[in-house]
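Understanding the architecture of this molecule
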Amino acid sequence: MKILYVYGKTKERDYVQALRKLGYTVEEYFDRQSDHCANDEEIGQMIACIKENAITHLLSIHMLPNLSVAAYRMGIKYIAMLWDAPVLAMNTIFGKLDNLWVTSYDKLDCERFKRYGVKHVLYQPLTVDRDALCKWNMSGRLQGNYFNEISFVGRLYEKNLYDAQITNIPANMQEYFTSIMEEVAFRWDGANRIFGTVDKQILDYIKLVSRGFRINNPYDEADERFFEVYYLFQKIANIERVCCLNLLAEQYDLTFYTDSDIEEGLLRPEVKRMPAVEPGEALSLVYAGSKINLNISMRGMEGGTPLRIHEIMGAGGFVLSSFSKETAELFEEDKEIAMFRTPEELLEKAEYYLTHEHERREIALAGQRKVLHRFTHEKKLKELFKWVEGE
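Residues numbered from 1 in each chain as written. Predicted model: local features only at pLDDT ≥ 70, side-chain atom pairs only at ≥ 80, totals over all residues. Heavy atoms only, no water.

1. A look at the overall build of the protein
Let me state the cut-off plainly: Each helix is a run of DSSP H or I of at least 4 residues and each strand a run of E of at least 2, with the numbering of both proceeding from the N terminus. For a compact globule the rule gives 2.2 Å times the number of residues to the power 0.38, and the radius of gyration it is set against comes from C-alpha atoms. Residues count as neighbours in contact if any of their non-hydrogen atoms are within 4.5 Å of one another. Accessible surface is estimated by sampling points in the Shrake-Rupley manner with a 1.4 Å probe; for residues, cover comes only from the protein chains shown. Charged-residue counts in this description rest on Lys and Arg as positive and Asp and Glu as negative, His and the chain ends being excluded. Just so you know, the charge point we use is NZ for Lys, CZ for Arg, CG for Asp and CD for Glu.
For the protein, the count of helices and strands is 16 helices and 12 strands. Taken over C-alpha atoms, the radius of gyration comes to 22 Å for the protein, in line with the 21 Å a tight globule of 391 residues would show. When its C-alpha atoms are laid out on the principal axes, the protein stretches across 60 × 60 × 35 Å. In the protein, of all internal contacts separated by at least 6 residues, the share reaching a separation of at least 24 is 65%. Roughly 17400 Å² of accessible area belongs to the protein as shown, and the carbon and sulfur atoms make up 48% of that amount. Seen as two clouds, the 49 positive and the 60 negative side-chain charges of the protein have centres 4 Å apart.

2. Things to note about the sheet that holds strand 6 (residues 120-123)
Consider a sheet: its strands pair through backbone hydrogen bonds, and that pairing is either parallel or antiparallel. Convention followed: The rule for pairing is simple: two strands pair if DSSP sees at least two bridges between them. Helix axes are fitted to C-alpha atoms over the stretch in contact, other axes to C-alpha atoms as well, and angles between N-to-C directions run from 0 to 180 degrees.
With parallel pairing, six strands are arranged side by side in an open sheet as 2-1-3-4-5-6. The open sheet has two free edges, formed respectively by strand 2 (25-29) and strand 6, since each of these has just one partner strand. Mean inter-strand twist for the sheet, computed between neighbouring axes without regard to direction, equals 20 degrees. Of the strand pairs in this sheet, strand 5 (residues 100-104) and strand 6 are connected by four bridges, and their pairing is parallel. Following the sheet pairing, S104 is matched in strand 6 by Y123. Packed on one face of the sheet, helix 4 (residues 107-116) meets strand 5 and strand 6 and runs near 170 degrees to strand 6.

3. Topic: the packing of aromatic side chains
The geometry of an aromatic ring pair comes down to the distance between the two centres and the angle between the two planes. Filter applied, for reference: The pairing test for Phe, Tyr and Trp rings, Trp by its six-membered ring, is centres within 6.5 Å, and the orientation test on the planes gives stacked under 30 degrees, edge-to-face over 60, and tilted for anything in between. Put simply, a charge is over a ring when the Lys NZ or the Arg CZ is close to the ring centre, within 6 Å, and near the line of the ring normal, within 35 degrees.
Throughout the structure, instances matching the rule amount to 22 aromatic pairs. Between F113 and Y116, the aromatic rings sit 6.3 Å apart at their centres with planes inclined by 40 degrees, giving tilted as the arrangement. Placement of the pair is F113 and Y116 together in helix 4, with a separation of three residues, close to one helical turn. Three or more aromatic residues joined by ring pairs form one cluster here, namely Y162, Y176, F177, F213, Y219, F226, F227, Y230 and Y231. Over the ring of Y157 we find R155; its NZ or CZ atom is 4.6 Å from the centre of that ring. If you follow R360 out to its NZ or CZ, it ends over the ring of Y146, 5.2 Å from the centre.

4. Looking at the nonpolar core
Convention followed: Remark: nonpolar core denotes a set of buried residues (Ala, Val, Leu, Ile, Met, Phe, Trp, Tyr, Cys) joined through side-chain atoms within 4.5 Å. Only protein chains enter the accessibility calculation, which uses a 1.4 Å probe. A residue is then buried if its area is under 20% of the maximum for its type, exposed if over 50%, and partly exposed in between.
Residues M46, L58, Y78, M90, F113, F177 and F227 are the most contacted members of the largest nonpolar core, which totals 58 residues. In terms of residue count, helix 10 (residues 223-249) provides more of this core than any other element does, eight residues in total. Contact partners of F227, with chain neighbours within four places excluded, come to Y162, F177, V198, L203, F213, I215 and L232. The next biggest cluster of nonpolar side chains, apart from the first, holds 55 residues, and it includes W136, Y252, L283 and F331.

5. Some thoughts on the pattern of salt bridges
Heads up, the rule is: Every case where a carboxyl oxygen of Asp or Glu lies within 4 Å of a side-chain nitrogen of Lys or Arg is listed as a salt bridge.
Evaluation of the coordinates by the stated rule reveals 28 salt bridges. We note a salt bridge from E281 to R141, for which the minimum N-O separation is 2.9 Å. Highlighted residues: E281 in helix 11 (residues 281-288) and R141 in helix 6 (residues 138-142), separated in sequence by 140 residues. Here R225 makes a salt bridge to E228, at a shortest N to O gap of 3.4 Å. Of the two residues, R225 and E228 are both situated in helix 10; the distance of three residues between them amounts to about one turn of the helix. With a relative accessible area of 2%, E228 lands in the buried category.

6. A closer look at unusual backbone geometry
Backbone torsion omega between A85 and P86 reads -10 degrees, so that peptide bond is classified as cis. Here P86 is to be found in the loop between strand 4 (77-81) and strand 5. Positive phi, close to 75 degrees, is recorded for H62, a residue that is not glycine. Mapped onto the elements, H62 comes out in the loop between strand 3 (57-61) and helix 3 (65-74). One non-glycine residue, F186, lies in the positive phi region at around 70 degrees. Mapped onto the elements of the fold, F186 is located in the loop between helix 8 (171-184) and helix 9 (200-209).

7. Regarding the side chain of T376
When you line up the elements, T376 lands in the loop between helix 15 (357-374) and helix 16 (377-390). On the basis of relative accessibility, which here comes to 5%, the residue T376 falls in the buried class. The residues touching T376, leaving out its near neighbours within four places in the chain, are T127, V128, R130 and V371.

8. Let's talk about the sheet that holds strand 10 (residues 290-295)
Here we have six strands laid out as an open sheet, ordered 9-8-7-10-11-12, and parallel in their pairing. The open sheet has two edge strands with one neighbour each: strand 9 (272-275) and strand 12 (338-340). Each adjacent strand pair in this sheet contributes to an overall mean axis angle of 25 degrees, direction not counted. Sheet analysis places strand 10 next to strand 11 (residues 319-322), joined by three bridges and oriented parallel. By the bridge assignment for strand 11, N295 is matched with S321.

9. Section: helix 16
So the rule is basically this: Multiplying 1.5 Å by the helix residue count minus one yields the expected span of that helix.
When the terminal C-alpha atoms of helix 16 are compared, their 19 Å separation across 14 residues agrees well with the 20 Å that a helix rising 1.5 Å per residue should span. Residues of helix 16 that are buried include every one of H377, E378, K380, L381, L384, F385, W387 and V388, and no others.

10. Here we look at the packing of helix 12 (residues 307-314) against helix 15
Applicable threshold: Oblique is the label for any angle not covered by the other classes, which are roughly parallel (under 35 degrees), roughly antiparallel (over 145) and roughly perpendicular (65 to 115). In this classification, Asp, Glu, Lys and Arg are treated as charged, Ala, Val, Leu, Ile, Met, Phe, Trp, Tyr, Cys and Pro as nonpolar, and every other residue, Gly included, as polar.
Where helix 12 contacts helix 15, the axes come no closer than 7 Å and their chain directions differ by 110 degrees. Judged by the inter-axis angle, helix 12 sits roughly perpendicular to helix 15. Together, H310, M313 and G314 of helix 12 and G367, Q368, V371 and L372 of helix 15 make up the contact between the two elements. Its residues placed into classes, the contact of helix 12 with helix 15 shows three nonpolar, four polar and no charged.

Read these as geometric descriptors, not functional statements.
So, in structure tokens, the structure goes:
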């Protein structure tokens, strides 16, 4: 077996190192690939690399159409490890080729992929680089000396498709979508109240009365589902994250690490804004150096546990997260992770865990032990290749 690991948006080499540690022969391919469509020139370059290096398996984070086509033409297997949810890109011809093997951390997305016609699907939680985390030993280095009270690392989704199209949406339809957002936002109970709220008639009406309204949907998916996922989900995430940060900043020191281009006045002046942190050692230091690390998952992530949670825990940090049924299956609530279902519970738990330091540290330590024992790259890759070769 000879694996070609193809880098996409992320450039971390931890999966390559884990594969080599397991004894696999791995070549690396750094040329950026088109995300949403196949490119003949890039496919030709990929095929040439496959031939030259006698590659038997392609591997990447996310599903890249070029790789799906190149692997199909060469008769080899392509493995895509998905870090997002929901992933409508699987409902394309590139996601339905026989040679594609997909892993997802969201059980509901796994079921959708099977309905789409994706041939090989495996549920796998996301994982961390155990060797690097143990080497950095952030908890040991900091010795309980925190530099943040509450921190949030992420984006506000301030540049979302809904806001970009708002001037092209009739006022009565804006009111309808606002009512949906009011019904959905700030209720983190594991229910998805978005899917099914937008139908074809609604979008046809908007298209009829507004010539400027466009939905650039590249997938074999209905426009109404595309609108729910890429318009409403992101707008709700924008609303929830802005409000939660402002709510916490009224009472606590809150540090926000982001590359978001934030409009003046959107966040309270008490929110301490810091530049985005590079993944790796610097990010782990932020997680370990914060008494509470906030996670507010995207609405489209109905069940899966985002990588942020695993990385916070792996670094020895304490996680306060919006509730997720699947996360509650992976981690024991109030023993390995803390979760909230309403803004009121968010404030209550922030207050509780900031004033109960011993309990907070015990939860962080228990979460770290589980992640470093159960959710590591080596364990994931062993299971992954056993599945690929077994089928």
